[in-house]
Amino acid sequence: MDAIAPLALTMGEPAGIGPEITLAAWRALRATGPAFFLIGDPALLPGAPIARIAAPEEAAAAFPDALPVLPLALAAPARPGRLDAANAPAVIAAIEQAVAFAKAGRAGGVVTNPIQKSVLTAAGFPHPGHTEFLGELAGLGAPPVMMLACPGLRVVPVTIHMSLKRAAAELTTEAIVTQGRIVAAALARDFGIASPRLAVAGLNPHAGEDGTMGREDIEIVAPAVAALRAAGIEARGPLPADTLFTPRARAGYDCAICMYHDQALIPVKTVDMDGGVNVTLGLSIVRTSPDHGTALDIAGKGIADPGSLIAALRMAGEMTAMRTKGRPS
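Residues numbered from 1 in each chain as written. Predicted model: local features only at pLDDT ≥ 70, side-chain atom pairs only at ≥ 80, totals over all residues. Heavy atoms only, no water.

Asker: Is there a simple way to think about the overall build of the chain in this case?
Answerer: Of regular secondary structure, the chain possesses 11 helices and 12 strands. Taken over C-alpha atoms, the radius of gyration comes to 20 Å for the chain, in line with the 20 Å a tight globule of 329 residues would show. The C-alpha extent of the chain, read off along each of the three principal axes, is 65 × 45 × 35 Å. Buried residues in the chain amount to 53% of all 329 residues. Taking as baseline every contact in the chain between residues at least 6 positions apart, the subset at least 24 positions apart corresponds to 74%. (Helix = DSSP H or I, 4+ residues; strand = E, 2+ residues; numbered from the N terminus. Rg over C-alpha atoms; globule rule 2.2 N^0.38 Å. Buried < 20%, exposed > 50% of the residue type's maximum accessible area, 1.4 Å probe, protein only. Contact = heavy atoms within 4.5 Å.)

Now the structure itself:
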């Protein structure tokens, strides 16, 4: 079996909590792994035990004793809680470098610290967020799929960052089928689930209640479930979302396909706010991230919870191991 390469962790927004949760994650994982290295400015970690490395291949040996850092200089000194658009190019470059390392097999996968989208947008970044940018850098010809995961629950929103009115208008059978296929393939390849079970949520209350609360579930969602089943995927739905996330219901599926952002994210954040992980499916590489933002209001205060980043690193390591195991020797 091939050795598993260390994970590449991007610095994210340098004025946010990324630096402090990175250091906390290294302390939590230094003895057990998975090994990772940070792509970022060493000045973000003053006084921390770091090891400057020149290449990803140096990270594993350094990891037990110090946080490996592949230096990428910022244009301006970072101050906790104080955004500076001058540093946007370095934030973007860290993502690009991490993806390049992963595509070349020099990093096992990519874990991204949170970015501040408003700063990147002001600097000319054309993408709505990480997921879309990663789709451009490492996609497989189809739009990437955002999955949120925590112990006991995985969810995928078919429509993401748009108003509820727009989400209902843009929802299509084709989009549900495409995402369902990508999710089923990823659950088998990256999570070792031989026969994934998908639960497909209805759009309307009570899944439309036979059309009395809207016909979208009859005309859009149900045909998608039928198409997935015809493709050999175990899919059920449309199912009423108000009962889809109870403990008993969650035991009956491996991932819930949801119709809009909050339908997916509210349950996973309620079940495990601190340990949720954002996973991008449909890429040529492994990518995870913590399920929270930059938390500028508490940056630099030493109180940020690293739990979600630790979970993201562990999940990326498990996914990388699964992909490595599945490669021909």
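Asker: Sorry if this is basic, but what is going on with the side chain of Thr288 here?
Answerer: Along the polypeptide, Thr288 turns up in strand S12 (residues 287–290). Here the side chain of Thr288 touches Ala312 through a polar contact of 2.8 Å, landing on its backbone oxygen. If we ignore the near neighbours within four places in the chain, the residues touching Thr288 are Val110, Val111, Thr112, Val277, Asn278, Val279, Ala312, Leu313, Met315, Ala316 and Met319. (Polar contact = N/O pair within 3.5 Å; in protein donor to acceptor, adjacent residues only side chain to side chain.)

Asker: Just checking my understanding: could you explain the packing of helix H3 (residues 88–103) against helix H5 (residues 130–138) for this structure?
Answerer: Helices that pack against each other are described as a pair by the angle of their axes relative to one another and the distance between those axes. With their axes 11 Å apart at the nearest point, H3 and H5 run at an angle of 45° to one another. When the interaxial angle is binned, H3 and H5 end up oblique. In terms of crossing hand, the pair formed by H3 and H5 is right-handed. Between H3 and H5, the contacting residues are Ile92, Ile95, Glu96, Val99 and Lys103 on the first element and His130, Phe133, Leu134, Leu137 and Ala138 on the second. Among the residues forming the contact of H3 with H5, the class breakdown is 7 nonpolar, 1 polar and 2 charged. (Axes fitted to C-alpha atoms, helices over the stretch in contact; angles between N-to-C directions. Parallel < 35°, antiparallel > 145°, perpendicular 65-115°, else oblique. Left-handed = near helix turned anticlockwise from the far one by under 90°. Nonpolar A, V, L, I, M, F, W, Y, C, P; charged D, E, K, R; others polar.)

Asker: In this structure, what is going on with the sheet that holds strand S5 (residues 110–112)? I would like to understand it.
Answerer: Backbone hydrogen bonds hold the strands of a sheet together, and the pairing may be parallel or antiparallel. Spatially, 12 strands are ordered S3-S4-S2-S1-S5-S12-S11-S6-S7-S10-S8-S9 in an open sheet, and the strand pairing comes out mixed. Each edge of the open sheet carries a strand with a single partner, namely strand S3 (50–52) and strand S9 (234–239). Along the sheet, successive strands turn relative to each other by an average axial angle of 25°, direction set aside. As paired elements, strand S2 (residues 36–40) and strand S4 (residues 67–71) share 3 bridges and run parallel to each other. When the sheet's bridge partners are listed, Gly40 is paired in S4 with Pro71. Across the face of the sheet, H3 comes into contact with strand S1 (7–10), S2, S4 and S5 while running at roughly 145° to S2. (Pairing = 2+ DSSP bridges.)

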